[in-house]
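So the chains spell out like this:
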Amino acid sequence: MSDLDGILLFPHINMDGDALGSCSALCLALRSLGKKAYVMINEPVPKNLDFLECGCCTTDDSVLEDVQLSLMLDCNGIKRIPGREAAWERGRLKGCIDHHATASKDIRYDFTRIEPKSAATGEIIYRLIKDLGAEITLDIANCLFAAITTDTGNFQHTNTTSRSHEIAGHLYKVEGFNSKVISALIYDRRSKEALRLESAVLGDLDFYADGKLAVGKVTQDLLSQYGCTMDEAEGIIQRIMSIDGVEAGCLFKESSQDNVRASLRGRTYANMERVASRFGGGGHVLASGCTFHTTVAEAEKQLVPCLIEAVNV
Ligand SMILES: [Mn+2]
């Protein structure tokens, strides 16, 4: 990458802390090396991640005259960047840096760096920035810490490794770095409405398989009832997984564009990646997702039997 200039970075749709944090960190590092780089998005940055934007994001397809590289981060496959296909195609070279094992074959990449053992794409980006010889500035450290802390569930998920902690340890040494500030920006800016929405969803969970499976729904009706946007439903699936005895959790999110996203989580053995891939989705063994182009009720009818199967193995 060191000989390329004019680089567009692509986070996945419904960007999360890892996708945006990794993109902005790499973008800032590339710029510090004198390169032109942007993070190409086509949706608003979630409010709790606004500090990760760092002047990197653009919605303008023609922001760069010459795009030598289009680089997808924290995802793979053209379906993960809907609405940005034209911008993606502008790159003369195409690359992918990701930690999801489910590989999509709908793009021919010129190079990939896929490391399923990395807890976050941010871990791969940390090493890449070091390899490129760029300095880890405070902004970059904040982005990488946000990427790693969100994807590891604050270092609680099973994907967390000694390397996750080692990289975080290096970030703590960057002058001015304060993990508490970053955690508060991510987690402690929720609206009262979001908490009311969460309690409504949690109050209406369905349980199956002797309580091993819990299923919740965030519908457009609920969002308007509580005056919330879908990104304010972030975190509900983790609450579902905190229930004693729950081995698998599913949260249906009804989008305004006639589709339903199912977020899937496993605790120890339920293979959520396998379930998601049966419906064209993917992710990690214990954290996956898939999309249905139908109603929530129909999506539930199709998915719940497979989830019951996954917890009853
Ligand atoms: Mn990730």
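Scroll up to find the structure this text is about.
Reading the values: rules and limits
- Residues numbered from 1 in each chain as written.
- Predicted model: local features only at pLDDT ≥ 70, side-chain atom pairs only at ≥ 80, totals over all residues.
- Heavy atoms only, no water.
- Axes fitted to C-alpha atoms, helices over the stretch in contact; angles between N-to-C directions.
- Helix = DSSP H or I, 4+ residues; strand = E, 2+ residues; numbered from the N terminus.
- Parallel < 35°, antiparallel > 145°, perpendicular 65-115°, else oblique.
- Left-handed = near helix turned anticlockwise from the far one by under 90°.
- Contact = heavy atoms within 4.5 Å.
- Nonpolar A, V, L, I, M, F, W, Y, C, P; charged D, E, K, R; others polar.
- Pairing = 2+ DSSP bridges.
- Phe/Tyr/Trp six-rings, centres within 6.5 Å; stacked < 30°, edge-to-face > 60°.

> So what about the packing of helix α1 (residues 17-32) against helix α4 (residues 138-151)? Which residues, and what values?
One way to put it is that α1 packs onto α4 with a least axis distance of 8 Å and a crossing angle of 155 degrees. Looking at the two axes, α1 sits roughly antiparallel to α4. Two packed elements cross with a definite hand, and for α1 against α4 that hand is left-handed. Contacts between α1 and α4 involve G17, D18, G21, S22, S24, A25, L28 and A29 from the former and D139, I140, C143, L144, A146, A147, T150 and D151 from the latter. Taken together, the residues that form the contact of α1 with α4 break down as 8 nonpolar, 5 polar and 3 charged.

> Give a detailed account of the sheet that holds strand β4 (residues 69-73), specifying residues and quantitative values.
Within a sheet, neighbouring strands are paired by backbone hydrogen bonds and run either parallel or antiparallel to one another. The strand order across the open sheet built from 6 strands is β3-β2-β1-β4-β5-β6, with neighbouring strands paired in parallel fashion. The sheet is open, and its two borders are formed by β3 (57-58) and β6 (111-114), each paired with just one other strand. As paired elements, strand β1 (residues 7-10) and β4 share 4 bridges and run parallel to each other. Each residue of the ladder has a partner; that of L9, found in β4, is L71.

> Break down the packing of aromatic side chains for me, with residues and values.
Going through the model one piece at a time under the given rule, you end up with 7 aromatic pairs. Look at F145 and F155: their rings are 6.1 Å apart centre to centre, the planes differ by 45 degrees, and that puts the pair in the tilted class. Here F145, found in helix α4, pairs with F155, found in the loop between α4 and α5 (162-172); they are 10 residues apart in sequence, far enough to count as distant. Arranged with centres 5.2 Å apart and planes meeting at 65 degrees, the rings of Y172 and F177 form a pair that is edge-to-face.

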